[in-house]
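# Coordinate inspection notes
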There are 2 protein chains.
Amino acid sequence: MIGSLLVDNIGELVTNAPRDGVADPLGLRRDAALLVEDGEVAWIGPARYAPAADRRIDAGGAAVLPGFVDSHAHLVFAGDRAAEFAARMAGEPYTGGGIRTTVGATRAATDDELRANVRRLRDEAMRQGTTTIEIKSGYGLTIADEARSLRIAAEFTGDTTFLGAHVVPAEYADRPDDYVGLVCGPMLAAAAPHARWIDVFCERGAFDADHARAILACGQAAGLGVRVHANQLGPGPGVRLGVELGAASVDHCTHLSDADVDALAGSATVATLLPGAEFSTRSPYPDARRLLDAGVTVALATDCNPGSSYTSSMPFCLALAVREMGMTPAEAVWAATAGGAAALRRADVGVLRPGARADLTILDAPSHLHLAYRPGVPLIRQVLHNGVPQ
Amino acid sequence: MIGSLLVDNIGELVTNAPRDGVADPLGLRRDAALLVEDGEVAWIGPARYAPAADRRIDAGGAAVLPGFVDSHAHLVFAGDRAAEFAARMAGEPYTGGGIRTTVGATRAATDDELRANVRRLRDEAMRQGTTTIEIKSGYGLTIADEARSLRIAAEFTGDTTFLGAHVVPAEYADRPDDYVGLVCGPMLAAAAPHARWIDVFCERGAFDADHARAILACGQAAGLGVRVHANQLGPGPGVRLGVELGAASVDHCTHLSDADVDALAGSATVATLLPGAEFSTRSPYPDARRLLDAGVTVALATDCNPGSSYTSSMPFCLALAVREMGMTPAEAVWAATAGGAAALRRADVGVLRPGARADLTILDAPSHLHLAYRPGVPLIRQVLHNGVPQ
């Protein structure tokens, strides 16, 4: 029994729960306190009315935010690709082909090696304020390796995603139809018990619209929710396919037509932007402003993976979104918390109100603005996950 | 008496001390060990030949680098300008005019408040691997406030810089010649005992070439070394003036003519690039590649200040330099360590060899490449400053 915990002397509290009739998506409160009981938020109110509690954390006038929700991360892998990164920075283009390098290393790794890598990155993300993280498979690409990737991922999160259709593995290079059959058949059967979501890398060089549709439909039939890697490297059918299938999120969205934006604006599908990938592949950034102005729900996530975006830092992605993608600091904070929760169709995280999970970060700063205003600086002073100080 | 300390099991050691005849500016060594005695590096060699020591730190195969040398930081100030930042991200241009806001807050602060702010930022920088930091005055702009800014800065670093010529303060707005006279006369007299360097913001809207030359010449006559804020917001005379006066460094260098580059290439003046400022003012980045290809010595620094670059993170600046300025990861690491030392004309830091200060960082990564490959991630596992674990 942990008992109740009061976080008080909060200078600025981001709740993402605006009061009725107030145009303030962050639901900001000043001089607030927050009571945690049984891992949930039990009460929020003015500090002067704070109830008694078994323990107390003095936020010292700092800003407190919901923990970040990183809705797109590839953590189950072995090895790194630092040399590929250095070569790319010297001018080689990013094609996604390096994924196969990681597939080889991942297949060769033991379960414990993979588990240790996930734990290392999950802990690193947590220290930077991420309290909910989605984890994909996609570096196994055999029945056994996809199933074990998801089994290991499920030790760390409920939001596991089967990405057998990350790339066609080398041994199927000349018969992609057969690989799609494998993914839809025995691989899905082995993966589904460990997965909440199914995802496809729908891109030239990976899976075309027909293959993507077939795979996603099979996943839906097996009870998995849909997400799509879409329109990262060029224009393509991924976004509209995702919307058509009722995807919770289409991710990347770097190259969008007006029809893509219109489809998103009329849907419940979130556009998840991953600026770490554009940073580390030296590619043009997606236009968040265009999406926001069209009324699309935008999330930010890290895309943490050893090839195109080896960052676990949501604050870094948030600062990039403000610098490069036309988001205001408030929009970026919302997208990295409530937006991520929407992309995972989670009502219990990304928000601070009674009944929500007590996942929150105390900043080394007086305002959410500082996450973009102080780029690169580790500003996460303390993290509570399920109400427990980490 | 601390005794000797051995850092061993170093997977990759960046020394910045290349062996004779080897084209390897970082002077990389594998499987190395490093002995610290009396705050200095006493020995470097293969781990298997490591001498006995009183204490030992196992680097666990990680990379070890010289501590970062941040040769450009404005840490003596009060208040913040988060609202100005948010407005700028919403489209307002950066003109440098906001400096006067910080001047007002700084003048109103107590010595203890200023000291606490410097300590907070110095400690924050140290946690991110910065073991040498230059600190400027420039938010006082009265005789007493400049002198106390430098007196406080000198409590934290030997590299203090008198920047009375940061901007013409409001009370001198219509008589800038009088302000230059004040800076060159009684303000310099009060500042010089606490300063190693003199600096001028030579820019349209701040100080023109004649004023800058007069101020820098007075500072030289008082025994101070020269540095210049030059060519940040547009083309100008700052870089060539700095070279002409034998400046240790000209800083920003965002807008350079061929003549500027030629002047630098034929000089001992370092070009210090400050990409945090371009990031946070949404301005075009300086072209480091052009400078490097011309043979100019390049340093990277944070420009940490509450207006245009409120980052204390050298790793962040280094990652930006690779993404945005055409530097290789190795060039960026060199510029953030040995380059900064050159910009401060310091032979004892920015390098790891016998006799150098034992200022070093142990990364949470196997290679220096990871500082750019893993942007935004706090990768500094441990810092030694003067041989003492921080």
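Preceding this paragraph is the structure being described.
These remarks concern the structure in this document. Fair warning: this is a prediction, and the values are worked out from it, not measured in the lab.

Rules and cut-offs
Residues numbered from 1 in each chain as written. Chains lettered and ligands numbered in written order. Predicted model: local features only at pLDDT ≥ 70, side-chain atom pairs only at ≥ 80, totals over all residues. Heavy atoms only, no water. Helix = DSSP H or I, 4+ residues; strand = E, 2+ residues; numbered from the N terminus. Rg over C-alpha atoms; globule rule 2.2 N^0.38 Å. Buried < 20%, exposed > 50% of the residue type's maximum accessible area, 1.4 Å probe, protein only. Contact = heavy atoms within 4.5 Å. Areas by Shrake-Rupley, 256 points an atom, 1.4 Å probe, with all protein chains shown as cover. Lys, Arg positive; Asp, Glu negative; His and termini not counted. Charge placed at Lys NZ, Arg CZ, Asp CG, Glu CD. Least-squares fit on C-alpha atoms with pLDDT ≥ 70 in both. Salt bridge = Lys/Arg side-chain N within 4 Å of Asp/Glu carboxyl O. Polar contact = N/O pair within 3.5 Å; in protein donor to acceptor, adjacent residues only side chain to side chain. Nonpolar A, V, L, I, M, F, W, Y, C, P; charged D, E, K, R; others polar. Pairing = 2+ DSSP bridges. Axes fitted to C-alpha atoms, helices over the stretch in contact; angles between N-to-C directions. Parallel < 35°, antiparallel > 145°, perpendicular 65-115°, else oblique. Left-handed = near helix turned anticlockwise from the far one by under 90°.

## Points about the overall build of chain A
- Secondary structure summary: chain A contains 13 helices and 17 strands in total.
- Its C-alpha atoms give chain A a radius of gyration of 20 Å, within 12% of the compact-globule value 21 Å for 390 residues.
- Once the C-alpha set of chain A is aligned to its principal axes, its extents read approximately 70 × 45 × 45 Å.
- Across the 390 residues in chain A, those meeting the buried criterion constitute 61%.
- The long-range fraction of contacts in chain A, counting pairs at least 24 apart against all pairs at least 6 apart in sequence, stands at 70%.
- When the accessible area of chain A is evaluated, it comes to approximately 13,000 Å², of which 51% is carbon and sulfur surface.
- A gap of 3 Å separates the mean positions of the 34 positive and 46 negative side-chain charges of chain A.

## Concerning the relation of the copies chain B and chain A
- Placing chain B over chain A gives an RMSD of 0.0 Å and needs a rotation angle of 180 degrees, together with 0.0 Å of translation along the axis. Put plainly, the chains are arranged around a two-fold axis. When C-alpha distances to the rotation axis are compared across chain B, the minimum falls at Gly376(B), with a value of 2.6 Å.

## Some points on the interface of chain B and chain A
- Taken together, the contact pairs 39 residues of chain B with 39 residues of chain A.
- Where chain B touches chain A, the interface holds two salt bridges.
- Glu124(A) serves as the salt-bridge partner of Arg374(B), at 2.7 Å between the closest nitrogen and oxygen.
- At the junction of chain B and chain A, the tally comes to 24 residue pairs in polar contact (both at pLDDT 80 or more).
- Taken together, the elements giving at least two residues each to the side of chain B that touches chain A come down to helix 1 (82-89), helix 3 (111-127), helix 9 (275-281), helix 11 (314-325) and helix 13 (370-373) of chain B.
- For the side of chain B that touches chain A, the element with the highest residue contribution is helix 11 of chain B, accounting for six residues.
- Within the side of chain B that touches chain A, the residues separate by chemical class into 22 nonpolar, eight polar and nine charged.

## What about the sheet that holds strand 11 (residues 225-230) of chain A?
Residue and element names in this part refer to chain A.
- Strand order in the open sheet made by the seven strands is 8-9-10-11-12-13-14, with parallel pairing throughout. In this open sheet, the two strands that pair with only one neighbour each are strand 8 (135-136) and strand 14 (298-300).
- With two bridges joining them, strand 8 and strand 9 (residues 160-165) adopt parallel strand pairing. From the neighbouring strand, Lys136 faces strand 9, where its bridge partner is Thr161.

## Examining the packing of helix 3 of chain B against helix 4 (residues 143-153) of chain B
Residues and elements named next belong to chain B.
- The geometry of helix 3 relative to helix 4 is characterised by a closest axis approach of 10 Å and an angle of 45 degrees between their N-to-C directions. When the axes of helix 3 and helix 4 are compared, the pair comes out oblique. Like other packed secondary-structure pairs, helix 3 and helix 4 cross with a definite hand, here right-handed. The residues of helix 4 that touch helix 3, namely those facing Asp111, Leu114, Arg115 and Val118, are Arg148, Arg151 and Ile152.
- Grouping the constituent residues of the contact of helix 3 with helix 4 by class yields three nonpolar, no polar and four charged.

## Some remarks on the packing of helix 4 (residues 143-153) of chain A against helix 5 (residues 176-191) of chain A
Residues and elements named next belong to chain A.
- With their axes 8 Å apart at the nearest point, helix 4 and helix 5 run at an angle of 40 degrees to one another. Judged on the interaxial angle alone, helix 5 and helix 4 are oblique. Read as a crossing pair, helix 4 and helix 5 show a hand that is right-handed. Taking contact as the criterion, the partners of Ile143, Glu146, Ala147 and Leu150 in helix 4 are, on helix 5, Leu182, Pro186, Met187, Ala190 and Ala191.
- Of the residues that constitute the contact of helix 4 with helix 5, the class distribution is eight nonpolar, no polar and one charged.

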